[in-house]
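Analysis of the macromolecular model
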Amino acid sequence: MRRVAALGCALAALVATGCGGGGGSDKSQSTAGSGPVTVQNTKVQVVGGGGETAGFNPAAIYRQYSPGVVTVISVLPGGGGLFGGTSGSEEALGSGFVVDGAGDVATNAHVVTSGSGANIKKASQVYVEFPDHNRVQAKIVGDDPNADVALLKIPTGGLKLTPLPLGSSSALIVGSPVAAIGSPFGEEQSLSVGVISAVNRSITSLTSFDINNAIQTDAAINHGNSGGPLLNAKGQVIGINSQIKSTGGGGEGVGFAVPVDTVRRSITQLKQNGKVTYSYIGVSSVDLYPQLAKRLGIAARTGALVAKIQSGSPAEKGHLKAGNSFINFEGDTRIPKGGDAIVAVDGKPVRGSTDLGNLVSARNPGSKVTLSVVNGQSHRNVVVTLAQRPASAGP
């Protein structure tokens, strides 16, 4: 499920390459009404202040949990070796954290893979380095490109592991203080603090499907921060630092973390199956809100307005209808007209594209769901059988 949006700045996920965390690999894309958009692989460092600081002790959080934050070094296809890689390989540096005493380590998928969509390739070698510079080779248990999460396994012999507790991202409060520990530009064990700037954001995954409910923070994000933990005042992980939105590729202070509830789902399935499955119905949509509904003559106040339907998808098989033309409304020139609006899934209300994505992805592939659909003044129910997401959402 993807939400149609136009960004006037770059969205970046930054991973440092080389020994000192130099410039990472860049990919460019363009969006409506903007210039080239630079997408980089990275990790988030949180900076700033403000918010509710009572009981927030960054020094204590760092003292207790920084031993469980690690630097992740990956040998990826393409480039030249610095960490023992063969000719035609490149090294990427990110961060991660210990999940449990069994040697499980979480990080971003883009730290230990290269490419996107159907062209994702795993690193040939991955190393995990602890604060005492003890370095061990890790095995990639699995990666979830839809959530940008990867799970590593390291040998535990001779290591003192400090697992980081996983919190919850379901009821976060904007303004709450947060801390991040990671390896920006290869500077291991760097602490920075800030606040939650916003919640319920959507960021783009390695498959081009949205990662919903992302956490926005006033983070100064830099190369090498990817995969590190975003911690609340209790020292609990509430997200994995993953991306920045930037015009220059640097840390202008708008950072995003994959929410820990999503991370927990990924880790659980990766432990069990080595992979994570997601359902989809195969539509691109835009948010429907009261003013837009009135303009389009739709008998609903909120929902997900269908803009495009993928060929062969459950939506096409269920005879959902996409808009047949576009209008300009309140500055947005890509509003679909004449299509269906999905207003509920199995009776649960859909307030926008994010809700639709959450409700669909929570079901297993092969499940049947009932979509409540409005088109103009007409209401109908559509039963569809959910399919497994393809490797890429496409353009």
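To start, this report covers the structure provided alongside it. (Residues numbered from 1 in each chain as written. Predicted model: local features only at pLDDT ≥ 70, side-chain atom pairs only at ≥ 80, totals over all residues. Heavy atoms only, no water.)

**Comments concerning the pairing of strand E27 (residues 368-375)**
Consecutive residues of a regular strand have side chains that alternate between opposite faces of the sheet. Definition in use: For two strands to be treated as a pair, DSSP must find no fewer than two bridges joining them. Strands are runs of DSSP state E lasting at least two residues, helices are runs of H or I lasting at least four, and both sets are numbered from the N terminus onward.
Here 4 bridges tie strand E25 (residues 341-345) to E27, and the two strands are oriented antiparallel to one another. Within the sheet, the bridge partner assigned to Ala341 lies in E27 and is Val374. Taken together, the 8 bridges between E27 and strand E28 (residues 378-385) define a ladder with antiparallel strand orientation. Residue Thr370 lies in a different strand from E28, and its bridge partner there is Val383. The turn joining E27 and E28, which pair antiparallel and follow one another in sequence, is formed by 2 residues; a positive phi near 65° is taken by Gly376.

**Re unusual backbone geometry**
Phi at His133 takes a positive value of approximately 70°, unusual for a residue other than glycine. Note on placement: His133 falls in the loop between strand E11 (125-129) and strand E12 (135-144). The phi torsion at Glu330 lies on the positive side, around 50°, for a residue other than glycine. Tracing the backbone shows Glu330 in the loop between strand E23 (325-329) and strand E24 (332-337).

**Things to note about the pattern of salt bridges**
Applied cut-off: When a carboxyl oxygen of Asp or Glu lies within 4 Å of a side-chain nitrogen of Lys or Arg, that pair is called a salt bridge. For every residue, the accessible area (1.4 Å probe, protein chains only) is compared with the maximum for its type, and the residue is labelled buried under 20%, exposed over 50%, or partly exposed between those bounds.
What the rule picks out here adds up to 9 salt bridges. The salt bridge partner of Arg135 is Glu129, with a shortest N-O separation of 2.7 Å. Given the relative accessible area of 10%, Glu129 is considered buried. One connected set of salt bridges, linked through shared partners, spans Asp100, Asp104, Lys153 and Lys271.

**Looking at the nonpolar core**
Considering soluble globular proteins, one finds that nonpolar side chains tend to be buried as a cluster. Condition: We call a set of buried residues a nonpolar core when its members are Ala, Val, Leu, Ile, Met, Phe, Trp, Tyr or Cys and they connect through side-chain atoms within 4.5 Å of each other. Contacts are residue-level and defined by heavy atoms, with any inter-residue pair within 4.5 Å sufficient.
Among the nonpolar cores identified, the biggest contains 27 residues, and Phe97, Leu164 and Ile267 are the most heavily contacted of them. Among the elements of the structure, helix H1 (58-65), strand E13 (149-153), strand E14 (177-182), strand E16 (210-217), strand E18 (237-246), strand E19 (255-259) and helix H3 (260-273) are those that each provide at least two residues to this core. Tallying contributions element by element places H3 first for this core, with 4 residues. Once residues within four sequence positions are removed from consideration, Leu164 is found in contact with Tyr65, Gly68, Val69, Phe97, Val98, Val99, Pro229, Leu231 and Val237.

**Notes on the pairing of E24**
Two elements, E23 and E24, share 4 bridges in a ladder whose sense is antiparallel. Residue pairing across strands places Phe329 opposite Asp332, the latter belonging to E24. What sits between E23 and E24 in their antiparallel hairpin is a turn of 2 residues, with Glu330 showing a positive phi close to 50°.

**Focus: the side chain of Asn146**
Here is the rule we go by: Polar contact is defined as a pair of N or O atoms within 3.5 Å, subject to the rule that within protein one atom must be able to donate a hydrogen and the other to accept it, and that residues adjacent in sequence are counted only when both atoms are side-chain atoms.
Secondary-structure assignment places Asn146 in the loop between E12 and E13. For Asn146, a relative accessible area of 10% translates into the label buried. At 2.9 Å, the side chain of Asn146 forms a polar contact with the side chain of Arg389. Those residues in contact with Asn146 that sit more than four places away from it in its chain are Ser205, Thr207, Phe209, Ile211, Tyr278 and Arg389.

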